[in-house]
Amino acid sequence: MNDGFKAVRVTDNVWWVGAVDWGVRDFHGYKTSRGTTYNAYLVTAETPVLVDTVKKPFFGEMMSRVASVIEPGKIRCIVSNHSEMDHSGALPEAIAAIRPEKVFASEMGRKALGEHFHGLGDVTAVREGEKVSLGNMSLAFLETKMVHWPDSMVSYLDADKLLFSQDGFGMHLASGERFADELPGHVLDYEAAKYYANILLPLSGLVVKVIEKIKASGLEIGVIAPDHGPIWRKEPLAIVEKYAAWATQKPLNKTVIAYDTMWGSTELMAMALGDGAAAGGSRVRLFPLKSSHRSDVAAELLDAGALVVGSPTINNGLFPTVADMMAYLKGLKRQGLAGAAFGSYGWSGEAVKHLEETLAAMNVEKAAESVRSKYVPDADTLARCRALGETVAAKLKGLPEAVR
Ligand code: FEO
């Protein structure tokens with residue numbers, strides 16, 4: 001066990017005993033520019049419980065924090081709200097060290113844990129709405145299937161009105177502060193939106209249902225304790241309302257232009273297009289993909305109304321960075337966008353056609369005719385790019401302004 005880590009008190013009966021990963025920059029394809037945390041929680045009820053664990057390399061840090069409150073062997077139960085390895089990686093070692101009487105998960109979680117950690121031992125499946133007594137308080141479980149894994153569930157501690165929300169309402173943000181009210185609002189707004197855009201967006205329909213279910217449960221929620229990032233203890237329902245708004249995927253007056261370039265021609269087109277869209281009254285964000293990450297484009301798209309993509313043609317197809325981004329965005333299924341394509345070419349010029357097909361497959365409404373340029377764009381081609389930007393901006397006119 002590593003020494004020197006302390007737990008942080010969250011409420012009367014709950015302590016944060018997680019880990020801060022300041023250095024992680026890739027989270028299965030999501031660029032975690034500010035690192036992340038893996039939050040685990042210790043409930044000091046008459047029957048002490050550990051809720052979730054951490055990524056495997058952080059086992060020692062978690063146990064050190066636990067030991068700063070109670071002797072770890074006194075923990076009687078471990079709850080696994082979600083079996084993804086950033087929360088269950090340290091579970092086998094935690095079970096070996098603590099020897100709990102029970103490990104609880106959803107039925108799908110029980111199966112998933114068995115398939116991740118062969119020979120893990122008994123896991124007790126809890127049913128939707130089931131309550132487990134901890135002596136002087138109880139823990140209730142609500143399934144949140146496919147938000148965002150089949151096994152996902154959340155837990156509610158009645159004594160402290162605290163919802164352990166697993167990945168939901170979290171963000172990838174390493175910090176010394178444990179509570180959202182201790183951090184700058186603009187950082188929280190951006191990282192929470194980026195997290196939603198990159199992880200929960202394709203599940204928006206289910207997110208709405210989960211929010212309705214939690215509201216219908218009548219549970220009074222005073223604190224939301226997610227598995228990543230800060231804990232919401234002041235106005236915790238504000239982040240729930242943000243999720244409800246993001247899930248509607250309403251288009252806003254912002255144009256995202258993402259492109260790559262081989263010899264600078266497609267970049268000239270992108271700049272003319274962006275200038276036209278800005279002049280037309282749209283907030284514009286340009287992403288040169290040589291220096292921009294797909295997950296940052298996804299974050300901006302969450303409150304955009306248009307996606308315009310540019311690619312030179314290489315080997316009869318898309319430039320690799322553009323192909324990568326389009327495959328990623330297609331999977332995230334952002335709905336309600338308008339869009340267009342552009343790009344330069346030397347002799348065959350198929351890239352724009354590929355972009356048009358992918359945009360159509362993503363349900364992006366064609367806002368304007370594509371613009372292609374043979375080799376270097378001349379003044380007339382750049383004027384057409386500018387006009388394309390103006391047309392896209394006109395399409396978004398009247399939509400609510402984007403706040404980011
Ligand atoms: Fe943070 Fe889905 O794991």
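In this text the structure is predicted, and so the values were computed from the model without any measurement. (Residues numbered from 1 in each chain as written. Predicted model: local features only at pLDDT ≥ 70, side-chain atom pairs only at ≥ 80, totals over all residues. Heavy atoms only, no water.)

A. Main features of the overall build of the chain. Helices and strands together make up the secondary structure of the chain, namely 12 helices and 24 strands. Compactness check: the chain gives a C-alpha radius of gyration of 24 Å against a globular reference of 22 Å for 404 residues, within 12% of the reference. Burial analysis of the chain (404 residues in total) assigns 59% to the buried set. Expressed as a percentage of contacts within the chain between residues at least 6 apart in sequence, the contacts between residues at least 24 apart total 73%. Counting every atom, the chain has about 16,300 Å² of accessible surface; 55% of that belongs to carbon and sulfur. One way to put it: in the chain the 44 positive side-chain charges average out to a point 2 Å from where the 48 negative ones average out. (Helix = DSSP H or I, 4+ residues; strand = E, 2+ residues; numbered from the N terminus. Rg over C-alpha atoms; globule rule 2.2 N^0.38 Å. Buried < 20%, exposed > 50% of the residue type's maximum accessible area, 1.4 Å probe, protein only. Contact = heavy atoms within 4.5 Å. Areas by Shrake-Rupley, 256 points an atom, 1.4 Å probe, with all protein chains shown as cover. Lys, Arg positive; Asp, Glu negative; His and termini not counted. Charge placed at Lys NZ, Arg CZ, Asp CG, Glu CD.)

B. Structural view of a nonpolar patch on the surface. A cluster of nonpolar residues, Leu268, Trp347, Tyr375 and Val376, forms a patch on the protein surface that exposes about 520 Å² of accessible area. Tracing the backbone through its elements, the reader meets Tyr375 in the loop between β24 (371-374) and α12 (379-396). Classification of Tyr375 by relative accessible area gives partly exposed; the value is 48%. (Patch = residues over 30% accessible without salt bridge, like charges linked within 9 Å, V, L, I, M, F, W, Y side chains within 5 Å. Salt bridge = Lys/Arg side-chain N within 4 Å of Asp/Glu carboxyl O.)

C. A look at the pattern of salt bridges. Inspection of the entire model under this criterion finds 25 salt bridges. Arg110 is the salt-bridge partner of Glu107, the closest N and O atoms lying 2.8 Å from each other. Here Arg110 and Glu107 lie together in helix α4 (residues 107-116), a separation of three residues that amounts to about one turn. You can call Glu107 partly exposed: its relative accessible area is 31%.

D. Spatial organisation of the pairing of β24. Because side chains alternate across β24, one face comprises the buried residues Val371 and Ser373, and the other comprises Arg372 and Lys374, none of which is buried. As paired strands, strand β22 (residues 338-345) and β24 are joined by four bridges and run parallel to one another. Note on β24: the bridge partner recorded for Ser344 is Ser373. (Pairing = 2+ DSSP bridges.)

E. Spatial organisation of the sheet that holds strand β16 (residues 223-226). The strand order across the open sheet formed by five strands is β12-β13-β14-β15-β16, and the pairing between neighbours is mixed. Two strands in the sheet have a free side with no partner beyond their single neighbour: β12 (131-133) and β16. Strand-to-strand twist in this sheet, taken as the mean axis angle between neighbours without regard to direction, amounts to 20°. As defined by bridge partners, strand β14 (residues 153-157) adjoins strand β15 (residues 162-166) across three bridges and the pair is classed as antiparallel. Counted as the bridge partner of Tyr156 is Leu163 from β15. (Axes fitted to C-alpha atoms, helices over the stretch in contact; angles between N-to-C directions.)

F. Structural view of the packing of aromatic side chains. A full pass over the atoms with the stated rule returns seven aromatic pairs. Relative to Phe164, the ring of Tyr41 lies with its centre 5.3 Å away and its plane at 45°, an arrangement referred to as tilted. Of this pair, Tyr41 sits in strand β7 (residues 41-43) while Phe164 sits in strand β15, placing them 123 residues apart in sequence. Here Tyr41 falls in the buried class, since its relative accessible area comes to 0%. Exposure remark for Phe164: the relative accessible area of 1% places this residue in the buried category. Taking 5.8 Å as the distance between ring centres and 45° as the angle between the ring planes, the aromatic pair formed by Tyr243 and Trp246 counts as tilted. Of this pair, Tyr243 and Trp246 both sit in helix α7 (residues 237-248), separated by three residues, roughly a single helical turn. Residue classification places Tyr243 among the buried residues on the basis of a relative accessible area of 2%. Take Trp246: its relative accessible area is 15%, and that puts it in the buried class. (Phe/Tyr/Trp six-rings, centres within 6.5 Å; stacked < 30°, edge-to-face > 60°.)

G. Up close: the packing of helix α5 (residues 185-200) against α7. At a closest axis distance of 11 Å, the pairing of α5 and α7 adopts a crossing angle of 45°. Considering their axes alone, α5 and α7 lie oblique with respect to each other. Note that α5 runs across α7; the crossing there is right-handed. Where α5 abuts α7, its residues Asp189, Ala192, Ala193, Tyr195, Tyr196 and Leu200 lie against Ile239, Lys242, Tyr243, Trp246 and Ala247. (Parallel < 35°, antiparallel > 145°, perpendicular 65-115°, else oblique. Left-handed = near helix turned anticlockwise from the far one by under 90°.)

Shape is all these values report; function is a separate question.
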